[in-house]
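Descriptive analysis of the structure
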Amino acid sequence: MSDTETLKAELLADVEAADTLQALEDIRVAALGKKGAITAQMKNLGGLDPEARKAAGQALNALKGEVAQAIDAKKTAMADAELNAKLLTEKIDVTLPTRPEAQGFVHPISQTIDEVVAILGEMGFAVAEGPEIEDDWYNFGALNIPDDHPARQEHDTFYLPGVGEKGRKVLRTHTSPVQIRTMLSSKPPLRIIAPGRTYRCDYDATHSPMFHQIEGLVVDKTTHMGHLKGCLIDFCRAFFGVDDLPVRFRPSYFPFTEPSAEVDIGCTREGGEFKIGHGDDWLEILGSGMVNPKVLQNCNIDPSEYQGFAFGIGIERLAMLKYGIPDLRTFYESDLRWLRHYGFRALDVPSMVGGLNP
Ligand code: PHE
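Residues numbered from 1 in each chain as written. Predicted model: local features only at pLDDT ≥ 70, side-chain atom pairs only at ≥ 80, totals over all residues. Heavy atoms only, no water.

Digging into the site of the ligand
In the vicinity of the ligand there are 14 residues, among which His-174, Ser-176, Arg-200, Gln-213 and Gly-312 approach most closely. Looking at the shell around the ligand, the elements that each hand over two or more residues are strand E7 (210-220), strand E11 (281-291) and strand E12 (307-314). Split by residue class, the shell around the ligand holds four nonpolar, eight polar and two charged. (Near = heavy atom within 4 Å. Helix = DSSP H or I, 4+ residues; strand = E, 2+ residues; numbered from the N terminus. Nonpolar A, V, L, I, M, F, W, Y, C, P; charged D, E, K, R; others polar.)

A closer look at the sheet that holds strand E4 (residues 159-164)
If you walk across this open sheet you meet the three strands as E3-E5-E4, and the pairing is antiparallel. In the strand order of this sheet, the two ends are held by strand E3 (133-135) and E4, each with one partner. Each neighbouring strand pair of the sheet contributes to a mean axis angle of 30 degrees, computed without reference to strand direction. Judged from the three bridges that link them, E3 and strand E5 (residues 167-171) form a sheet pairing that is antiparallel. Within E5, the position partnered with Asp-135 by the bridge is Lys-169. (Pairing = 2+ DSSP bridges. Axes fitted to C-alpha atoms, helices over the stretch in contact; angles between N-to-C directions.)

Let's talk about the nonpolar core
It is characteristic of soluble globular proteins that their nonpolar side chains tend to be buried jointly. One finds Phe-235, Phe-240, Ile-285 and Phe-311 to be the most contacted residues of the largest nonpolar core, which totals 46 residues. When residues in this core are grouped by element, the largest group, seven residues, is from helix H8 (residues 225-240). Not counting residues up to four positions away in its chain, the partners in contact with Phe-235 are Val-116, Ile-119, Leu-120, Met-123, Ile-313 and Leu-318. With 24 residues, the next largest nonpolar core counts Ile-180, Ile-192, Val-291 and Tyr-306 among its residues. (Core = buried A, V, L, I, M, F, W, Y, C linked by side-chain atoms within 4.5 Å. Buried < 20%, exposed > 50% of the residue type's maximum accessible area, 1.4 Å probe, protein only. Contact = heavy atoms within 4.5 Å.)

Here is the structure:
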């Protein structure tokens, strides 16, 4: 074997045996570097006669190429092996169960509003909104609440500094001003519900300074008391999930409706236990009535052509009754243990088709 062939066999064996990138680099330097074995042989070419120099030169150049190529191939193989080893350790087992994630809950107030909107939405009511900071006229005057009405007294109403276009600024004491705003901004026929926050200066187990109502308003040429009754009886039965729930209309007074009726549902209170449904006792759950012609007039609607009915429901009250929540103040304490107990799953959206009563 010539020197070149011996060298070649040695170098290729070394490359083959190398097991780190550093070892490969050392082989490259030892063969092709300035003081490398191939470089040394190249230097010796000068001492040969021309024929021999040519043949030996070609052989050395070929050897250089082969060794460089072998080193590159080995490098690529090592990089592949490293990547494969890494991929093996990083393998993901897609059959493992997911880690449980902390879940939020829907507050019973939101859930109850969603339920009421689902029921009345099905009857053709659209959701309307109004501001929580109102001018006196929208909250009282336009609703035919005279200046000396008790609801106007400071101990009930939060008055704010400043005066708007339509009187003193107040925190709305009910959602009824949305009736006024809707009648002023759109023409009848109207069929709206307005859920939202309301404020009164009151605080005990059944009253909070901030609470929620849903207002309902229907105005059309032929709207009558029968529509009011049918709508609210159907609503109560759907909401409480009791098909034959007794519903009673008890004559009452609101300045903005005439005649007015408070609506009671049948219940039993026996031995300290309270049950919705049959029985000889009644529980008031909402206020209602035929829109007072003066209110229609205040909103530029001709009462000789149109009439309507309206109702106002306390959301907390509905939620407390349906879900057995004893103290209204707990709604606003932001106690996560309470919310986990009384809250609802985010994807259990109430609907008439999917179910209202989880
Ligand atoms: N606004 C009344 C209240 O807060 C409820 C109501 C609304 C009554 C509409 C009749 C008609 O008590």
